[in-house]
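# Report on the structure
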Amino acid sequence: MQFNFFPSRQISWYMARLFLTRTFAVLALLVVVLQTLDLLGQSGDVLAYPGNGDPELWHYVGLRAPQIIARFLPFSVLLGTLVMLATLNQNSEIISMKSAGLSAHQILAPLVVAALGVSILSFVFNERIVARSTAALSAWQAVDYGPIPPDSGVKANPWVRDGNNLVNVAIVAGRGKEVQLRKVEIYNRVNNSLTTIVQAPRGHYDAASQSWLLEDARQFDVARGTMRNVGTVRFGRDIRPDQFTLAKVDPDALTFTELQAAIADLHDAGRPTAELEGNLWHKLSGPLSALLMPILGSVAAFGLARSGQLFIRAVMGMALGFAYLVADNFSLAMVSLCAYPPVLAAWAPFFLFLLVGETVLFRTEE
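Now for a quick tour of the structure. (Residues numbered from 1 in each chain as written. Predicted model: local features only at pLDDT ≥ 70, side-chain atom pairs only at ≥ 80, totals over all residues. Heavy atoms only, no water.)

The subject of this paragraph is helix H9 (residues 310-336). For H9, with 27 residues, the first-to-last C-alpha span of 40 Å sits near the 39 Å given by 1.5 Å per residue. Looking one or two residues past H9, Cys 338 carries a phi angle of roughly 60°, positive in sign. (Helix = DSSP H or I, 4+ residues; strand = E, 2+ residues; numbered from the N terminus. Expected span 1.5 Å × (residues − 1).)

Before going further, it helps to examine the environment of Val 124. Here Val 124 is to be found in helix H4 (residues 104-142). According to the relative accessible area criterion, Val 124 is partly exposed, its value standing at 42%. Along the chain, Val 124 and Pro 158 lie 34 residues apart, while their C-alpha atoms are 28 Å from each other. (Buried < 20%, exposed > 50% of the residue type's maximum accessible area, 1.4 Å probe, protein only.)

The next point concerns the packing of helix H8 (residues 289-296) against H9. Orientation of H8 relative to H9, taken along the N-to-C sense of each, is 155°, at an axis distance of 9 Å. With respect to H9, the axis of H8 lies roughly antiparallel. Every pair of crossing elements has a handedness; the one defined by H8 and H9 is right-handed. Touching Ser 289, Leu 292, Met 293 and Leu 296 of H8 are Gly 317, Leu 320, Gly 321, Tyr 324 and Leu 325, all from H9. For the contact of H8 with H9, the residue count by class is six nonpolar, three polar and no charged. (Axes fitted to C-alpha atoms, helices over the stretch in contact; angles between N-to-C directions. Parallel < 35°, antiparallel > 145°, perpendicular 65-115°, else oblique. Left-handed = near helix turned anticlockwise from the far one by under 90°. Contact = heavy atoms within 4.5 Å. Nonpolar A, V, L, I, M, F, W, Y, C, P; charged D, E, K, R; others polar.)

Bringing the packing of aromatic side chains into the picture now. One pair of aromatic rings is described through two measures. These are the centre distance and the angle between the planes. Applying the stated criterion across every chain yields a total of nine aromatic pairs. Seen from their ring centres, Tyr 205 and Trp 212 are 4.9 Å apart, and the 65° between their planes marks the pair as edge-to-face. In this pair, the class of Tyr 205 matches that of Trp 212, namely buried. Cluster of aromatic residues (ring-pair linked, three or more members): Tyr 60, Trp 140 and Tyr 145. (Phe/Tyr/Trp six-rings, centres within 6.5 Å; stacked < 30°, edge-to-face > 60°.)

Inspection of every chain in the model, using the stated rule, returns five salt bridges. Close ionic contact of Asp 144 with Lys 183 constitutes a salt bridge, the shortest N to O distance being 3.4 Å. Here Lys 183 lies in strand E4 (residues 180-190) and Asp 144 lies in the loop between H4 and strand E1 (155-156), a separation of 39 residues in the sequence. For Lys 183, a relative accessible area of 37% translates into the label partly exposed. In this structure, Asp 206 engages Arg 234 in a salt bridge whose closest nitrogen and oxygen atoms are separated by 3.2 Å. In this pair, Asp 206 is assigned in strand E5 (residues 193-206) and Arg 234 in strand E7 (residues 226-235), connecting sequence segments 28 residues apart. Note on Arg 234: relative accessible area 43%, which makes it partly exposed. Put simply, Arg 202, Glu 215 and Asp 216 are held in one network by salt bridges that share partners. (Salt bridge = Lys/Arg side-chain N within 4 Å of Asp/Glu carboxyl O.)

Written out as structure tokens, the structure is:
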């Protein structure tokens, strides 16, 4: 009987290698299929902008693929675990390991360590690549896949209220009094009825008058249905620059430290931050979901393959994994309704299903 937590070095490397190859093979297959379907749906919009062609399509793929990888990595770990363990069980390799004195936890230990490495890789990938690609894609989509300002701090599509009027901006670049606006639309209302729409390709903050200036503006009269040029337009004396930069904070487009800073700014401005705090904690708990999948999918590893229950066990493992993913998304949604505290919403599903997985494993195998 072995009392070490890990099996032998050869078995550990063998199990970890099988786990990683199956996981990334499933991930590659999912990314190719889903990226192809997504490109078929979006290629028309990308090519609709004058001058766009094959380079822009490949640019779209380069920005969209990291999002697909980040979203479906937990699914890939779950499916890779089930495929690997079901195959080992079918070939009686699990039985051989157990007959050599290995416990269920010792068999799963290499998978858990490899999954921890996948979690760390996922966090780094999200921070270094996914956040940037999400911000760039959102900014590109906001201008209908046309040219965007070369600014790394762009914000896409915020809405701000100016008295009874509404202001929408496709792109906000810069911070503080250096904020630049692109594709601005002002919806002027009287008694909640839309009267005119002012459109301008660009605008900026005028510190001297503490208001906003639009250049080359045009005004559409709703009642008459006419459009006329109005040149330079001044608006929003009560709109602060931070209202544009903080009007719409996309947690997926920010790194952990950037989201922390945005939450601090919103808190100082007296704005609600519970939903963003939940997303902040989820940037840590989300990648760790890969750590759960070998435990939740472990039911496919044990039991006699000849008993006819291998398929049922694999379905049970898949059901547990997908139940966790559903509970995780549901918990985050509850934060926006102020039903769950942010920390509880981000971490409760993880620890709950860790307990469920361990309970199933102990009751069936240990």
